[in-house]
Amino acid sequence: MKKVGQYIGTVLPLLTAVVIQFVVVTAVGFFYTFMRIFQIASMGGLNFNSAYATIQGDMQNSEFLLALSVIFALIDILVFALWLRNLRNKEQIQVTASRISVKQVFIIIGLGICLQVGLTIVLTVIANLKPDWFKEYGEMMEQLGMGTSIASFLYVGIVGPIAEELIFRGVTLHKAGKLMPFFAANILQALLFGIYHMNLIQGLYAFALGLCLGLLRYTFNTLAASIALHMAVNLSGMILGFLLTDDILLNPVSGGILFLVSAAGIFFSLAHFIRLSKKVQEEEIINTWDEN
């Protein structure tokens, strides 16, 4: 029974993050509604129908949604950083991170850019072939106004990646890693990471990205590595969104070359990190033998 509870506990970080979102959205929404009604009433008369329409419009504004996202991401950072530290303190774990050289940093950034380019090409092609599949995804991205403001840069490029890494490659992977081999634990945290996005299109590529992020977290034994990759993917997406037009991506020559280059970059980068992770596994086996 205790073991079953531990397995169920691996889902607890995801549930906690969802609850935090719900509480923040509810609390901020209630406070904003109260303040706007008071403001509208003070300006000379209150029509509840028009006030409701105004408030609904405000809450669907991209800047408002991004501000909400920043708030609950900051709360996530605080909650999950304390949670992870508490887990390590209870288990008396001394974390010794592997040194990330300048070369490794460039490989991580390169992998992030290649992942984003390859993903962008695939999504663009599918969106043009099957636009109905992307209706909900496109509306969501447009509503959030990704890549068009400072709030977007703050959330998508910095705060969001840190929060999500603490939730999934931090607490979730830590808990799962105590119950199963890394291979299985990595799949589990990536699956929960995909579910967290609550959108089929985002969920599918978040799962694939989550596997890569988990690999870096394991290889270097530090969230700094997975945070760096996560930021590289998100920030390159914001920048490339202005540079890579549909004409470039859908052109058989330019799009094909970009896809082949990004695929090669992903392959060789992941092969490099998998090779490093095998050394980590070998060291763990040797340390286990020494302890016994």
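This text follows the structure it describes.
Here's what I pulled together on the structure shown here.

Here is what the cut-offs are and how they apply
Residues numbered from 1 in each chain as written. Predicted model: local features only at pLDDT ≥ 70, side-chain atom pairs only at ≥ 80, totals over all residues. Heavy atoms only, no water. Helix = DSSP H or I, 4+ residues; strand = E, 2+ residues; numbered from the N terminus. Areas by Shrake-Rupley, 256 points an atom, 1.4 Å probe, with all protein chains shown as cover. Buried < 20%, exposed > 50% of the residue type's maximum accessible area, 1.4 Å probe, protein only. Core = buried A, V, L, I, M, F, W, Y, C linked by side-chain atoms within 4.5 Å. Contact = heavy atoms within 4.5 Å. Salt bridge = Lys/Arg side-chain N within 4 Å of Asp/Glu carboxyl O. Bend = angle between axes of the 7 residues up to and from the residue. Axes fitted to C-alpha atoms, helices over the stretch in contact; angles between N-to-C directions. Parallel < 35°, antiparallel > 145°, perpendicular 65-115°, else oblique. Left-handed = near helix turned anticlockwise from the far one by under 90°. Nonpolar A, V, L, I, M, F, W, Y, C, P; charged D, E, K, R; others polar. Expected span 1.5 Å × (residues − 1). Phe/Tyr/Trp six-rings, centres within 6.5 Å; stacked < 30°, edge-to-face > 60°. Polar contact = N/O pair within 3.5 Å; in protein donor to acceptor, adjacent residues only side chain to side chain.

### So, the overall build of the chain
A tally of regular secondary structure across the chain gives twelve helices and zero strands. Reading the helices (α) and strands (β) of the chain from amino to carboxyl end gives α-α-α-α-α-α-α-α-α-α-α-α. In the structure as shown, the chain presents an accessible area of about 16600 Å², 69% of it carried by carbon and sulfur atoms.

### What about unusual backbone geometry?
A positive phi angle is found at Met 198, which is not glycine, with a value near 55 degrees. Position of Met 198 relative to the elements: it lies in the loop between helix H8 (182-196) and helix H9 (200-220). Judged by relative accessible area, Met 198 falls into the exposed class, the value being 54%. One non-glycine residue, Asn 221, lies in positive phi territory at about 55 degrees. One can find Asn 221 in the loop between H9 and helix H10 (223-243).

### Some thoughts on the nonpolar core
Formed by 57 residues in total, the largest nonpolar core has its most connected members in Phe 80, Leu 115, Leu 229 and Phe 273. Of all the secondary-structure elements, those providing two or more residues to this core are helix H2 (12-42), helix H4 (62-91), helix H5 (102-129), helix H7 (150-177), H8, H9, H10 and helix H12 (252-291). The leading source of residues in this core is H7, at eleven residues. If we skip the residues at most four places from it in the chain, Phe 80 touches Pro 13, Thr 16, Ala 17, Ile 20, Leu 166, Ile 167 and Val 171. Ranked by size, the runner-up nonpolar core spans five residues in total, among them Val 117, Ile 121, Leu 244 and Leu 249.

### Quick word on the pattern of salt bridges
Taken as a whole and judged by the stated rule, the model has two salt bridges. A salt bridge links Lys 178 to Glu 91, with the shortest nitrogen-to-oxygen separation between them at 3.5 Å. Of this pair, Lys 178 sits in the loop between H7 and H8 while Glu 91 sits in helix H4; the two residues are 87 residues apart in sequence, bridging distant segments of the chain. Arg 169 is the partner of Glu 165 in a salt bridge, and the nearest nitrogen-oxygen pair spans 2.7 Å. A residue pair is termed a helical-turn pair when its members lie 3 or 4 positions apart in one helix, as Glu 165 and Arg 169 do in helix H7 at four residues.

### Some details on H7
Approximately 45 degrees is the largest bend angle found in H7, and it occurs at Gly 160, with the proline Pro 161 only one to four residues beyond. For H7, the tally of buried residues reaches 21 of 28 residues, placing the bulk of the element in the interior.

### Points about the packing of H4 against H7
In contact at an axis separation of 8 Å, H4 and H7 are set at 30 degrees when each is read in the N-to-C sense. Overall, the two elements H4 and H7 adopt an arrangement that is roughly parallel. Crossing hand, H4 versus H7: left-handed. Its residues placed into classes, the contact of H4 with H7 shows 20 nonpolar, four polar and five charged.

### Here's the deal with H9
For H9, with 21 residues, the first-to-last C-alpha span of 30 Å sits near the 30 Å given by 1.5 Å per residue. For H9, the tally of buried residues reaches 15 of 21 residues, placing the bulk of the element in the interior. A positive phi of about 55 degrees marks Asn 221, the residue just after H9.

### Some thoughts on the environment of Leu 78
For Leu 78, the location among the structural elements is in helix H4. Remark: the alpha-carbon pair of Leu 78 and Leu 166, spanning 88 residues in sequence, is separated by 9.5 Å.

### As for the packing of aromatic side chains
All chains considered together, the criterion is met by six aromatic pairs. Ring plane angle 15 degrees and centroid distance 4.1 Å describe the contact between Phe 182 and Tyr 218, whose orientation is recorded as stacked. Separated by 36 residues along the polypeptide, Phe 182 in helix H8 and Tyr 218 in helix H9 bring together distant segments of the chain. Given a relative accessible area of 14%, Tyr 218 falls into the buried group.

### Here we look at the side chain of His 174
Within the secondary structure layout, His 174 lies in helix H7. Since its relative accessible area comes to 13%, His 174 is described here as buried. At a separation of 3.0 Å, a polar atom in the side chain of His 174 contacts the side chain of Glu 91. Setting aside anything within four residues of it in sequence, one finds His 174 in contact with Leu 84, Leu 87, Arg 88, Glu 91 and Ile 93.

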